[in-house]
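Next come the chains, spelled out residue by residue.
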Amino acid sequence: MSNKIDILISKEQLENRIIELGKRIKEDYQGKELVCVGLLKGSVVFISDLIRAIDMDLSIDFMKVSSYGKGTDSTGVVKILKDVDEEVTGKDVLLVEDIVDTGLTIANVKEFMAKKRPNSVKVCTLLDKPSRRKIDVKAEYVGFEIPDEFVIGFGLDYAEKYRNLSYVGKLTLDKENK
Ligand code: 5GP
């Protein structure tokens, strides 16, 4: 037997929503120096579509952070494994995430980024699980709110697999893989 995947958000739904997000971001950032910062690896598929939907000058950069130990109640300080290359002081940073779950990752990254004194730091996430929050953090741009399910595809993985799916699916593990 193999793992079961149920489509939660289709390729078409993703395409349409990303175009809407891109238009809103373009309107909101007129006249600003926008830097879209993707968090590796989960955001790569989303950010590559998103930047093409933002019809204005912008730059991109990437960060990689370690995930804190899951299942703990700690405030989960994340380690910065790769910082941005670009100077962001005075610029407008848009952090691009695949999913905001407990909120600990993005809250930590926001705080880290704010120390570099950009003009602003905002968050754009493809997926949001608001019911799972452990810290009060909101993304200014959200693709889709989803229930508390483990999802894969469109950049999101399970054990490094499924990132290349063009839809977001709910993963149910086969008994043998649990
Ligand atoms: P947070 O710090 O908000 O709890 O977690 C954010 C990170 O946890 C995401 O960037 C992602 O790597 C991972 N994550 C949270 N929920 C899911 C999920 O449903 N599926 C996958 N594949 N990763 C998830």
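Our structure's up above, just so we're on the same page.
Residues numbered from 1 in each chain as written. Predicted model: local features only at pLDDT ≥ 70, side-chain atom pairs only at ≥ 80, totals over all residues. Heavy atoms only, no water.

Caption draft 1: The environment of Pro130, seen in detail. In this structure, Pro130 sits in the loop between strand 6 (120-128) and strand 7 (141-145). Separated by 17 residues in the primary sequence, Pro130 and Pro147 place their C-alpha atoms 8.0 Å from one another. Filtering out sequence-adjacent residues up to four positions away, Pro130 remains in contact with Glu145 and Ile146. (Helix = DSSP H or I, 4+ residues; strand = E, 2+ residues; numbered from the N terminus. Contact = heavy atoms within 4.5 Å.)

Caption draft 2: Representation of the nonpolar core within the structure. Residues Ile25, Phe46, Leu50 and Leu127 are the most contacted members of the largest nonpolar core, which totals 27 residues. Listing elements by their share of this core, those giving two or more residues are helix 1 (11-28), strand 2 (34-40), helix 2 (44-53), strand 5 (92-100), strand 6 and strand 7. Contacts of Phe46, omitting those with residues within four sequence positions, involve Ile18, Leu21, Val96, Glu97, Cys124, Thr125, Leu126 and Phe154. Residues Leu39, Val93, Met113 and Val121 belong to the second largest nonpolar core, which totals 20 residues. (Core = buried A, V, L, I, M, F, W, Y, C linked by side-chain atoms within 4.5 Å. Buried < 20%, exposed > 50% of the residue type's maximum accessible area, 1.4 Å probe, protein only.)

Caption draft 3: Seen up close, helix 1. In this model, helix 1 (18 residues) spans 26 Å end to end at C-alpha, consistent with the 26 Å of a helix rising 1.5 Å per residue. Along helix 1, the residues classified as buried are Leu14, Ile18, Leu21, Gly22 and Ile25. Projected onto a plane normal to the axis of helix 1, the buried residues spread over an arc of 105° and lie on a single side. Opposite the buried face of helix 1, by more than 90 degrees, sit the exposed residues Lys23 and Glu27. (Expected span 1.5 Å × (residues − 1). Arc of directions from axis to C-beta.)

Caption draft 4: Quick look at the sheet that holds strand 8 (residues 151-152). Spatial ordering of the open sheet is given by 1-9-8, a layout of 3 strands whose pairing is antiparallel. For this open sheet the edge positions go to strand 1 (4-9) and strand 8, each flanked by a neighbour on one side alone. Pairing analysis gives 2 bridges linking strand 8 to strand 9 (residues 168-172), with the strands arranged antiparallel. By the bridge assignment, Val151 is partnered in strand 9 with Lys170. (Pairing = 2+ DSSP bridges.)

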